[in-house]
Amino acid sequence: MTVGDSFTWAFKDPEWLGKMLLQGLIAFIPIVGWIAMLGWMMLAIDNLKAGRMELPPAGFHLARGIGIFLVMLIYGIVLAVPAGVLLGLGAIVAAVTNSNDHSSVAALPLFILGYMLAFAAGLLIRVLYPALILQTNRAGFAGGMEVQKVLRVSTFNLGNTIIAALLIWVASLIGGLGIGLCLVGALFTIPYENTVNAGIVAWYDKESGPA
């Protein structure tokens, strides 16, 4: 399994189309469908790590998906807090001084710093994404919440981490195409995005050292 195989491995399963479309249909269910999709991705990672180029059956894989769903949610909220605080303070300053001609000048530094932190937080979560998926796959929710291990995996080979993060970002663009061009297309592009992610993380697991 090479990182390039991440974009093609799923098509080696003779039943790939039916599995993807059914899982894509489940993904349209708010929250529950998203968790099921993440669980399906985790099972695909398991198959690849075991040497099987085989997609998991479509289904409500909530037990496997809830861990990574909560991990990503918590990391996202925590990393967003500093930017949110600054943007909120900026809004308060602008509102309190709205009768002053210099109100925008007073609030501007807070808004600029807030948006800079928001950008940095988004970039950081993207870089951490491969390690977060890998650690959650290895040890469940608790593994994903072990910040020191996540950072150790991320920095073990920074080059591979950046490659994995960039390719996962590319996969997210592909996944979004089905929504942007034709909503029905998302039945295929979203599951395909997750098969690509599974391939990337399986490759990343080989290159990241022991758990």
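These figures come from a predicted structure and were not determined experimentally.

(A) Structural detail: the packing of aromatic side chains. Evaluated as defined, the whole model comprises 4 aromatic pairs. Look at Trp16 and Phe188: their rings are 6.1 Å apart centre to centre, the planes differ by 65 degrees, and that puts the pair in the edge-to-face class. Here Trp16 is found in helix H1 (residues 16-27), whereas its partner Phe188 is found in helix H7 (residues 186-207), with 172 residues between them in sequence. Since its relative accessible area comes to 24%, Trp16 is described here as partly exposed. When the ring of Phe188 is compared with that of Tyr192, the centres are 5.7 Å apart and the planes differ by 10 degrees; the resulting orientation is stacked. Here the residue Phe188 and the residue Tyr192 both occupy positions in helix H7, the gap between them amounting to 4 residues, near one helical turn. Of the residues examined, Phe188 reaches a relative accessible area of 28% and is grouped as partly exposed. Residue class for Tyr192 comes out buried when judged on its relative accessible area of 10%.

Calculation notes
Residues numbered from 1 in each chain as written. Predicted model: local features only at pLDDT ≥ 70, side-chain atom pairs only at ≥ 80, totals over all residues. Heavy atoms only, no water. Phe/Tyr/Trp six-rings, centres within 6.5 Å; stacked < 30°, edge-to-face > 60°. Helix = DSSP H or I, 4+ residues; strand = E, 2+ residues; numbered from the N terminus. Buried < 20%, exposed > 50% of the residue type's maximum accessible area, 1.4 Å probe, protein only.

In short, the description is geometric, and any link to function would need to be established separately.
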